[in-house]
Amino acid sequence: MPGFALGAGGETALARVRRMLTPHEPLARRERLTGLAAVAALLAAAVAAVAAAGLASFLAHHCHSFFA
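Residues numbered from 1 in each chain as written. Predicted model: local features only at pLDDT ≥ 70, side-chain atom pairs only at ≥ 80, totals over all residues. Heavy atoms only, no water.

### Examining the overall build of the protein chain
Part 1 of the reasoning: What the protein chain contains, in helices and strands, is two helices and zero strands.
Part 2 of the reasoning: Buried positions account for 1% of the 68 residues belonging to the protein chain.
Part 3 of the reasoning: Within the structure as shown, the protein chain displays about 6300 Å² of accessible surface, and the carbon and sulfur contribution to it stands at 72%. (Helix = DSSP H or I, 4+ residues; strand = E, 2+ residues; numbered from the N terminus. Buried < 20%, exposed > 50% of the residue type's maximum accessible area, 1.4 Å probe, protein only. Areas by Shrake-Rupley, 256 points an atom, 1.4 Å probe, with all protein chains shown as cover.)

Here's what the structure looks like:
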């Protein structure tokens, strides 16, 4: 039997099923907005980093045509 299958039964499986059957309360509006803002900030930072690198590469490769 594969090692990863050993954790599929026993008391831990019962605990997982109980957690699935009794979900937590939904997040409050403030918590949802905070999470959304955090995700948006992370995505914006990634896009800005890629855009800055692309712009720097473009300018380094084509700068002679801008100042001629």
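### Considerations on the UniProt feature "transmembrane region" (unreviewed entry) in the protein chain
Part 1 of the reasoning: The feature "transmembrane region" (unreviewed entry), as annotated in UniProt, sits at residues 36–60 in this numbering.
Part 2 of the reasoning: As a span, residues 36–60 carries 100% helix and 0% strand, and end to end its C-alpha atoms are 36 Å apart. (UniProt positions renumbered as here; feature names shortened; annotations may be inferred.)

### Things to note about a nonpolar patch on the surface
Part 1 of the reasoning: Residues Val17, Met20 and Leu21 make up a contiguous nonpolar surface patch of about 340 Å² in total accessible area.
Part 2 of the reasoning: Among the structural elements, Val17 can be located in helix H1 (residues 11–21). (Patch = residues over 30% accessible without salt bridge, like charges linked within 9 Å, V, L, I, M, F, W, Y side chains within 5 Å. Salt bridge = Lys/Arg side-chain N within 4 Å of Asp/Glu carboxyl O.)

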